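Observations on the three-dimensional arrangement
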Amino acid sequence: MTKVMTLEVITPERVLLTEKTNFVVAPGTEGPLGILYNHAPLITGLLPGVLKYESQGRMFFIAVSSGFMEIHDNRIVILADTAERPDEIDLNRALAAKERAEKRLIEQHPGLDVQRAELALNRALARIKVAAHQQAAS
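Below is a summary of the structure that appears in this document. (Residues numbered from 1 in each chain as written. Predicted model: local features only at pLDDT ≥ 70, side-chain atom pairs only at ≥ 80, totals over all residues. Heavy atoms only, no water.)

The next point concerns the packing of aromatic side chains. Summed over the entire model, instances satisfying the criterion amount to one aromatic pair. Residues Y53 and F60 carry aromatic rings whose centres are separated by 5.3 Å and whose planes lie at 20 degrees to one another, so their mutual orientation is stacked. (Phe/Tyr/Trp six-rings, centres within 6.5 Å; stacked < 30°, edge-to-face > 60°.)

See the structure below:
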């Protein structure tokens, strides 16, 4: 019997992915969270980062923003504010967003929402990492 789980990635706009997988790493709020077959039921928060999963012997990468993950009965549901496959990412735009966020954090203007700037930086970094995986695979 093949030990596979179902992974779903859902945003407010769409169901990005429904895929059979045997391994997932998600950017949990307490650090990267690895999920294998028969994982204990869990609900946890997600931070902006890279969602990795294996399907048919290949690794795939998706940039996700903040959200939640539920694991139950070998089904993993990712509810994210945004999620992008590598081919959907504009690398130049992600690099520009990274530079803007870094500049805001360095300059620290009065009234700066530091947490928001850090989240923007982490989203940009996740998008850049996912795009880099796409380029390396090409």
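In this section: the nonpolar core. Counting residues in each nonpolar core, the largest one holds 19 residues, and the members touching the most others are L7, V9, L51, I62, M69, I76 and I78. Breaking this core down by element, the ones donating at least two residues are β1 (5-10), β2 (15-21), β3 (23-28), β6 (49-55), β7 (58-64), β8 (67-72) and β9 (75-80). The residues touching I78, leaving out its near neighbours within four places in the chain, are L7, E8, V9, I10, L46, L51, F68 and M69. If you look at the next biggest cluster of nonpolar residues, it comprises seven residues, including V50, F61, I89 and A126. (Core = buried A, V, L, I, M, F, W, Y, C linked by side-chain atoms within 4.5 Å. Buried < 20%, exposed > 50% of the residue type's maximum accessible area, 1.4 Å probe, protein only. Helix = DSSP H or I, 4+ residues; strand = E, 2+ residues; numbered from the N terminus. Contact = heavy atoms within 4.5 Å.)

Before going further, it helps to examine helix α1 (residues 91-107). In this model α1 runs 24 Å from its N-terminal to its C-terminal C-alpha over 17 residues, within 8% of the 24 Å that 1.5 Å per residue would give. Within the span of α1, buried status applies to A94, A97, A101 and L105. Projected down its long axis, α1 shows its buried positions confined to an angular sector of 70 degrees, all on one face. Residues of α1 that are exposed and point over 90 degrees away from its buried face: N92, E99 and I106. Between the side-chain oxygen of the N-cap and the backbone nitrogen of N92 there are 3.1 Å, and the N-cap of α1 in question is D90. Backbone geometry just after α1 places Q108 at a positive phi near 45 degrees. (Expected span 1.5 Å × (residues − 1). Arc of directions from axis to C-beta. Polar contact = N/O pair within 3.5 Å; in protein donor to acceptor, adjacent residues only side chain to side chain.)

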